[in-house]
Amino acid sequence: MPSGQYKLEAANKAEDEIMSIQAPKGCRDIFAEEAKAVRYLEEQFSQLAEVYGFKEIRLPTFEHTELFLRGVGEQTDIVSKEMYSFTDKGGRSITLRPEGTAGVVRAYLEHGLAAEPSPLKLYYMINAFRYERPQKGRYREFQQFGMELFGSENPAAEADILSFLDSYFKRLGLKDCELVLNSIGCAECRPAFHAELQSYLRKEKDRLCPDCAERMERNPLRCLDCKLDSCQSVLADAPVPVDKLCPSCAEHYAEVKELLNALKIPYREDPKLVRGLDYYTRTVFEFHADGIGAQSAICGGGRYDSLVSSLGGPETPAVGFAFGVERLRMELEAKGIELPELLKPRLQIISFPETRAESLALAKELRAAGIYLECDLMGRSFKAQMKQANRLAAEYILIYGESELGANELKLRRMSDGEELLVARAALKDFLSQ
Ligand code: AMP
């Protein structure tokens, strides 16, 4: 498999004129084994999501820029610094989606899904785009899987979503992803808290990093999770939202925790967890993994009870999350967890020049019945074909020599123990489908 960059070499160009084309910075090709692993993660995700009663939604890759300005928040890093926006030929401002939630909410409103019985549960598997400084676990194009549950203000909605995530990670073999939990209050309790935090921060303004000094006025909550040690030491005694919740937010948060205890889902409370997007209310959470270095947040989510109405819809409570597939894969690798092989060939047909046509016809017939098999397309020697069968770990081989031409019975060799089995040609399809 070629790796790294392709060199497109124009035959008559001098060495120093060789044009080298690489993927844009922060973008990756996903192929062969990695693509297989991603497909496995998708299959497991969608299977479990359907079991939990979620339906898939496929979204456009780009949306009107306005959607993200209103849906993600103009003050966020995503909108203020990281969007891939451009003007299309019709003069519209378009943005490659930096996340999935805004698009799901747009679709929810556009298709009148608010009129459907609640809760309405959707899941998605998307690529997303952010103009970030690429580093390990941070790309400019990356994949997110996510879920959104609309219409329930009950803590059972958070519990359902967290139950799903806990099961999904366990299903993959990840046992020690840590759930970090907090509540950041609602439109009732937040203004008073904002004012209190702001007055604390104003007194410390000179000791804050330039970003926090600026955020402090527009979005003081975001200062709480600044990653810089210098800011964290300033914030050691800062007020935190969980201490200032109104009675109904406090009750809600207590119920979320009770349900998690009942579901035996362990969590750690972090009063400074706030998340980077503006739309969250009440419950916020992240899953952290210890095997992947600085970008340890695999998954982020929470409740966003005012997003639907802020995009012009009816008051609709909602809960959701998204996780990064690249980071999930990094954690699986760091923990040495091998994903099951998705597909090994059931059969490798070993052929010879005089039997090639007939063996290809047999291959076509078996493949039409959904049987994965490999056959020689290279004109390789017998030995080289056997080697290929071993490399691909084919379950059976069929040596298709002259005596097999038109024969009613064919001899399969089981590779695991060398056992030979005679199977009627007419029964081959059924035999290999089992
Ligand atoms: P967010 O939408 O910012 O809450 O991110 C949710 C999850 O998406 C994170 O926990 C990461 O796993 C993943 N993620 C976000 N940004 C990136 C990125 N630039 N590259 C790779 N994964 C990302």
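Everything in this summary refers to the structure shown in the same document. (Residues numbered from 1 in each chain as written. Predicted model: local features only at pLDDT ≥ 70, side-chain atom pairs only at ≥ 80, totals over all residues. Heavy atoms only, no water.)

1. Brief notes about the pairing of strand S9 (residues 178-183)
Here S9 lies mainly inside the structure; five of its six residues are buried. Sheet topology places S9 next to strand S11 (residues 281-288); six bridges connect them, and they run antiparallel. By the bridge assignment, Ser183 is partnered in S11 with Thr283. In the sheet, S9 pairs with strand S10 (residues 268-269) via two bridges, with the strands oriented parallel. From the neighbouring strand, Val180 faces S10, where its bridge partner is Arg268. (Buried < 20%, exposed > 50% of the residue type's maximum accessible area, 1.4 Å probe, protein only. Helix = DSSP H or I, 4+ residues; strand = E, 2+ residues; numbered from the N terminus. Pairing = 2+ DSSP bridges.)

2. Some details on the packing of helix H5 (residues 155-171) against helix H9 (residues 247-262)
Packing of H5 against H9 brings their axes to within 9 Å, and their N-to-C directions diverge by 40 degrees. The hand of the H5/H9 crossing is right-handed. When H5 is examined against H9, the residues Pro155, Ala156, Glu158, Ala159 and Leu162 are found in contact with a partner set consisting of His252, Glu255, Val256, Leu259 and Leu260. Considering only residue class, the contact of H5 with H9 consists of seven nonpolar, one polar and two charged. (Axes fitted to C-alpha atoms, helices over the stretch in contact; angles between N-to-C directions. Left-handed = near helix turned anticlockwise from the far one by under 90°. Contact = heavy atoms within 4.5 Å. Nonpolar A, V, L, I, M, F, W, Y, C, P; charged D, E, K, R; others polar.)

3. A short note on unusual backbone geometry
Of note, the amide linkage connecting Ser118 to Pro119 takes the cis form, showing an omega dihedral of 0 degrees. Checked against the element boundaries, Pro119 lands in the loop between helix H4 (101-110) and strand S7 (120-129). Of note, the phi angle at Arg282 is positive, near 55 degrees, even though the residue is not glycine. Relative to the assigned elements, Arg282 resides in strand S11.

4. Some remarks on the site of the ligand
Residues in close proximity to the ligand total 14 residues, the closest being Arg130, Glu132, Tyr139, Arg275 and Ile298. At 2.8 Å, a side-chain N or O of Arg130 approaches an oxygen atom of the ligand. Contact distances for the ligand include 3.1 Å between an oxygen atom and a backbone N or O atom of Ala297. The fraction of the free accessible surface of the ligand (480 Å²) that becomes covered by protein chains is 92%. Those elements giving two or more residues to the shell around the ligand turn out to be strand S8 (141-150), strand S12 (297-303) and strand S13 (318-324). Of the residues contributing to the shell around the ligand, the split by class is six nonpolar, three polar and five charged. (Near = heavy atom within 4 Å. Polar contact = N/O pair within 3.5 Å; in protein donor to acceptor, adjacent residues only side chain to side chain. Areas by Shrake-Rupley, 256 points an atom, 1.4 Å probe, with all protein chains shown as cover.)

5. Observations concerning the pattern of salt bridges
Inspection of the entire model under this criterion finds 34 salt bridges. Note that Arg329 is salt-bridged to Glu34, the shortest N-O span being 3.0 Å. Here Arg329 is found in helix H11 (residues 325-334), whereas its partner Glu34 is found in helix H1 (residues 32-51), with 295 residues between them in sequence. Just as Arg329 is buried, Glu34 falls in that class too. Here Asp77 makes a salt bridge to Lys81, at a shortest N to O gap of 3.5 Å. In this pair, Asp77 and Lys81 both sit in helix H3 (residues 77-82), four residues apart, roughly one turn of the helix. The class for Lys81 is partly exposed, based on a relative accessible area of 48%. Three or more residues joined by partner-sharing salt bridges are found here, namely Arg28, Glu34, Arg329 and Glu333. (Salt bridge = Lys/Arg side-chain N within 4 Å of Asp/Glu carboxyl O.)

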